[in-house]
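So you can see what is in the structure, the chains are spelled out below.
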Amino acid sequence: MNSQEAHRSAIGDILNRYLTVFPNERRRCGELRHHLERTGEASRRARISEHITASGIVLGPGRKAVLVIHHRGLQQWLQPGGHLESGETPVRAARREITEETGLSDIRLASWHIKKGIPVDIDTHVVRECTGISGRPHRHYDFRYVFYAASQLAIICDETELDDIAWVPIDSLADENAFPKLAKAFKKAVRFGLLSGG
């Protein structure tokens, strides 16, 4: 097995464990399984219409605020995240993207993820053509993890992709109008106790 196959297999193993916890998502995640079977590498971005990404829902001290970024090209408030690099696990990609986009490095992964070995959510969405992002519309399979920040200080905004960055009250994530991309993951995080330090 070469390194690309091993990486693809590792992502497939995460997906299998995820579906044991969230069996009702089997049909939707079937698209991701087919993507892994069709492509040579889980992190490859060129010439394919489906990409695996990872992101982090970052909670501040006291679990009263969550960090969000305003993506310049998409013109939406989102959680920090991005594409996997070659051979990178989704959780490592999420941690790296948080640090690159916000400057936060003193973050701790929720222990629930370590125990289960899965993200709290795998979201499937289409990214339309947008300002600053080249190429055609394409699908993202986003592996989402919860992290706890030691401080709300010293955040920076990666101005190459972002317009703004902010800490917002954690309850605002339940508002599907304000944060449509985060509401589902937020509800799952509440269900599994991840907002209280789990």
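Residues numbered from 1 in each chain as written. Predicted model: local features only at pLDDT ≥ 70, side-chain atom pairs only at ≥ 80, totals over all residues. Heavy atoms only, no water.

Chemist: Help me understand the overall build of the protein in this model?
Modeler: Along the protein, the regular secondary structure elements total 5 helices and 8 strands. Its helices and strands in sequence order give the protein the pattern α-α-β-β-β-β-α-β-α-β-β-β-α, from N to C terminus. Counting all 198 residues of the protein, 48% fall into the buried class. Sequence-distant contacts in the protein: of pairs separated by 6 or more residues, those separated by 24 or more amount to 70%. Just so you have it, the protein exposes about 9800 Å², and 49% of that area is on carbon and sulfur atoms. (Helix = DSSP H or I, 4+ residues; strand = E, 2+ residues; numbered from the N terminus. Buried < 20%, exposed > 50% of the residue type's maximum accessible area, 1.4 Å probe, protein only. Contact = heavy atoms within 4.5 Å. Areas by Shrake-Rupley, 256 points an atom, 1.4 Å probe, with all protein chains shown as cover.)

Chemist: So what exactly am I meant to see when it comes to helix α3 (residues 90-102) here?
Modeler: Residues three or four positions apart in an α-helix share a direction because the helix packs 3.6 residues into each turn. With 13 residues, α3 should reach 18 Å at 1.5 Å per residue; the first-to-last C-alpha distance of 18 Å fits that figure. Within α3, burial applies to P90, A93, A94, R96, E97, I98, E101 and T102. A positive phi of about 85° marks G103, the residue just after α3. (Expected span 1.5 Å × (residues − 1).)

Chemist: So what exactly am I meant to see when it comes to the packing of aromatic side chains here?
Modeler: Each pair of aromatic rings is reported with the distance of its centres and the angle of its planes. Within the structure shown, the criterion is met by 3 aromatic pairs. Between F22 and F192, the aromatic rings sit 5.6 Å apart at their centres with planes inclined by 90°, giving edge-to-face as the arrangement. Placement of the pair is F22 in the loop between α1 (3-21) and α2 (26-38) and F192 in the segment after α5 (183-191), with a sequence separation of 170 residues. A residue is classified by how much of its surface remains accessible, and F192, at 24% relative accessible area, is partly exposed. Ring centres of W112 and F192 lie 5.1 Å apart, and the angle between their planes is 40°; this geometry places the pair in the tilted category. (Phe/Tyr/Trp six-rings, centres within 6.5 Å; stacked < 30°, edge-to-face > 60°.)

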